Amino acid sequence: MSEMMRAKMATLAETIREHQFLYYVLDRPTISDGDFDALLKELEKLERQYPQYKSDDSPTLKVGGGFSTQFEQRDHLHKMMSLDNVFGAEELATWFDRVEKSEAVAEWLCEVKVDGLAINLLYEKGVLTQALTRGNGTTGEDVTLNVRTISAIPHKLQGTPPPILEVRGEVFFPLKAFHDFNDALDEEDRFANPRNAAAGSLRQKDPRITASRPLSMVVHGVGAYEGLDVESQSDVYQAMAAFGLPISKNFKVVKKHSEVQKFIDHFGEHRHDLEHEIDGAVVKVNNLSLQESLGFTSRAPKWAIAYKYPPEEVQTKLLDIRVSVGRTGRVTPFAVMEPVTVAGSTVTHATLHNEEEVLRKGILIGDTIVIRKAGDVIPEVLRAIEERRTGKEIRWVMPNACPDCGSALKRMNEADVDLRCPNSRSCPAQLRERIYYIGSRAALDIDVLGYEAATALLDAGVVADEGDLFGLGVDDLSQSAFFLKKDGSLGKSAEKLLAAIEDAKTKPLWRVLVSLSIRHVGPTAAVALASHLRSVDAISSATASELSAIEGVGPVIADAIIEWFAVDWHIEVIEKWRKAGVRFVEAVVANDSPQTLAGLTLVVTGSLTGFKRDEISEVIAKHGGKAASSVSKKTDYVVVGDAPGSKAAKAAELGVRILNEDEFVKLLAGEKI
């Protein structure tokens, strides 16, 4: 019995760690937050019953996943804790009792729990010097450059901030902006929910990609600080607001347990009325001295608790199962349902992922089904309620022909789990999706080229494939009623589209690469390709090994690129675009700056009076140098401005020469220093 229990707990712990990896590192969770919480709660229960089998590295002892992907690791000044959870009024009452046995609490602070990515901002003398993810609570990933692209986060605080201030908060993707962004992506690339999109956006290697995504942030606490005169959590929020930091409008200080529950219930009912996703409410002891007295467990404060809302599940009737065809030919089954309201919106369709998923869940047409939309954009069919079956239900069979062009469906290789339509050039569904995608924000950002406009162009027969897009003129658009006024003259939408297409011809090379719909080539890979090879011709002639060697590409993407350029009609598209004036080379910015920093690596810390923070790296690069983000023995100089961070101390420790701004200017000019 003992060995069986030890094995059960070890297996459960490993399962939790795997889900943590999928959630925190890959940003692609395979189970809901509710299911994950249930696993963690089960392990906690077993560890209380059998403490002798609790491992020293149990996931119940750690904050978050503690995983690292590619960014440098930095330590938080104060440990960044997680929160314990409760799932109902009874568990909340038990937590109240536990707290009040230790301290008499006069006020509770209630706030919504934003479903985003936890972030820790370090301000030194009012200047943002570092931004870290939570990581394992002690050490996080340095995402400073990406955080600096978020407009809600000030680079310099207002008023008279303390010399040291760690600000804790949540980076999120506003809902409306998220839906616009996600709609522009191919079905294979779409994010399941705003939280995953925020995490994926913040973990981009190229800050330009992060900057193109409208992330925001809200403060929910502080870590280390010096000289901040505050007595309560609500005082902290007022101080943060005075410094120009974004605080939540949705918090309230109350005195009674009943008022806490009223707050929780209110936002449980109105959770979809906010600008961001929430997955619960947080209750904190408001008084800071009481917080300090109550203290912490190994992973969470004893003075705060998260009240988690249950995932929203509803029942409806499955009327039919159909398939859709995406721009890469992928065929995806989806449920057609009786209209039902879930997560604040009425839905009639839900994803079924793939043929294997339908068979695994045993879903029949005519079933009463349970669907869930727990933060997910597209509702998911969870299961059928078998006891509600009447015997009239019908088993669904995956079609063997494309519903749009009639081509026989097939798997492109043994590793492909999805059926695809091979008629990539002229399948109406694929062509429509590709043209629509070209206009999306992820590609060439032609805002007039939406789904309806793409459909209108195809219906009018003025484009045979995407190669014809950049050759469109007034006569072509005149053939579609979509672009005409009632009197038969061209409308403003036609004028805007032609102007936008002309403007798109000069967009950066990486956007052109994305718009070609090469499988697996999204913005990150496209930026890497454009930066290294600098032209479509160079990319098309590169070998698989040369492409694989580029950081951010790798063998899978390299093979997809080789395969794409081997198709004759793809080359025809390239040539049509080239003839129409689309730019296929990376723009060359004239650089007549003297290469006075050639071969040198410099680190800049603090604020310089003659250079903007976001310009300094470009200035160094123009003069032949390398701007690094961290100090090492390979660093030649550390340039120190006002309010420098810990990098100056690190330079002194390693014996790296420190320059002030005047000396840096002299170095740029080629003078001896």
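Our subject is the structure that appears above.
Residues numbered from 1 in each chain as written. Predicted model: local features only at pLDDT ≥ 70, side-chain atom pairs only at ≥ 80, totals over all residues. Heavy atoms only, no water.

(A) Quick look at the overall build of the chain. Across its full length, the chain carries 24 helices and 22 strands. Taken against the 2.2 N^0.38 rule, which gives 26 Å for 673 residues, the C-alpha radius of gyration of the chain at 28 Å falls within 12% of a compact globule. The principal-axis extents of the C-alpha atoms in the chain amount to approximately 85 × 75 × 60 Å. When contacts within the chain are restricted to residue pairs at least 6 apart in sequence, those whose partners lie at least 24 apart make up 67%. Total accessible area on the chain is roughly 31800 Å²; 50% of this is exposed by carbon and sulfur atoms. (Helix = DSSP H or I, 4+ residues; strand = E, 2+ residues; numbered from the N terminus. Rg over C-alpha atoms; globule rule 2.2 N^0.38 Å. Contact = heavy atoms within 4.5 Å. Areas by Shrake-Rupley, 256 points an atom, 1.4 Å probe, with all protein chains shown as cover.)

(B) Main features of the nonpolar core. Ranked by size, the top nonpolar core spans 97 residues in total, and within it Leu121 and Met240 carry the most contacts. Broken down by element, this core gets its largest block of residues, six residues, from helix H17 (residues 523-533). In this view, leucine 121 contacts Leu128, Gln130, Ala131, Val147, Ile153, Leu165, Glu166, Val167 and Met217; residues no more than four positions away in its chain are not counted. In terms of nonpolar packing, the next biggest core, distinct from the first, is built from 29 residues, Val260, Phe263, Ile278 and Tyr307 among them. (Core = buried A, V, L, I, M, F, W, Y, C linked by side-chain atoms within 4.5 Å. Buried < 20%, exposed > 50% of the residue type's maximum accessible area, 1.4 Å probe, protein only.)

(C) Structural context of the sheet that holds strand S5 (residues 127-133). If you walk across this open sheet you meet the four strands as S5-S4-S7-S8, and the pairing is antiparallel. If you trace the sheet from one side to the other, it starts and ends with S5 and strand S8 (216-225), each paired once. Recorded for the sheet is a direction-independent mean angle of 30° between the axes of neighbouring strands. The pairing of strand S7 (residues 164-172) with S8 spans seven bridges and is antiparallel. When the sheet's bridge partners are listed, glutamate 170 is paired in S8 with valine 218. Where helix H8 (residues 233-242) meets the sheet, its contacts fall on S7 and S8, and the angle it forms with S8 comes to roughly 115°. (Pairing = 2+ DSSP bridges. Axes fitted to C-alpha atoms, helices over the stretch in contact; angles between N-to-C directions.)

(D) Structural view of the pattern of salt bridges. Taken as a whole and judged by the stated rule, the model has 28 salt bridges. The residue arginine 383 makes a salt bridge to glutamate 313 at a minimum N-O spacing of 3.7 Å. One end of the pair, arginine 383, is in strand S17 (residues 380-384); the other, glutamate 313, is in strand S12 (residues 313-325), and 70 residues separate them in sequence. When the shortest N-O distance is used, the salt bridge between lysine 361 and glutamate 357 registers 3.1 Å. (Salt bridge = Lys/Arg side-chain N within 4 Å of Asp/Glu carboxyl O.)

(E) Up close: the pairing of strand S16 (residues 368-372). Counting buried positions over the five residues of S16 gives five, a clear majority of the element. Going residue by residue along S16, you find Thr368, Val370 and Arg372 tucked away on one face and Ile369 and Ile371 tucked away on the opposite face as well. As judged from the five bridges shared by S12 and S16, these two strands associate in the antiparallel manner. Its bridge partner lying in S16, threonine 316 is registered against isoleucine 369. Here four bridges tie S16 to S17, and the two strands are oriented antiparallel to one another. Its bridge partner lying in S17, isoleucine 369 is registered against alanine 384.

(F) Structural context of the packing of helix H3 (residues 89-102) against helix H9 (residues 257-269). As a packed pair, H3 and H9 sit with axes 12 Å apart at the nearest point and diverge in direction by 140°. Judged by the inter-axis angle, H3 sits oblique to H9. Handedness of the crossing formed by H3 with H9: right-handed. Residues Ala89, Leu92, Phe96 and Glu100 of H3 lie in contact with H9, whose contacting residues are His257, Val260, Gln261 and Ile264. (Parallel < 35°, antiparallel > 145°, perpendicular 65-115°, else oblique. Left-handed = near helix turned anticlockwise from the far one by under 90°.)

(G) View of the environment of valine 585. The residue valine 585 is located in the loop between helix H21 (568-580) and strand S19 (601-605) in this model. When the C-alpha atoms of valine 585 and tryptophan 510 are compared, they prove to be 9.5 Å apart, with 75 residues separating the residues in sequence. Contacts of valine 585, omitting those with residues within four sequence positions, involve Leu509, Arg534 and Ser535.

(H) The sheet that holds strand S3 (residues 108-114), seen in detail. One open sheet accounts for five strands, arranged S2-S11-S10-S3-S9; its pairing is mixed. Looking at strand neighbours, the two that pair on one side only are strand S2 (85-86) and strand S9 (251-254), the edges of this open sheet. For strand S10 (residues 278-285) and strand S11 (residues 304-308), the ladder comprises five bridges, and the chain directions are antiparallel. Note on S11: the bridge partner recorded for glycine 280 is lysine 308. On top of the sheet, H9 reaches S3, S9, S10 and S11; it is set at about 15° to S3, its chief contact.

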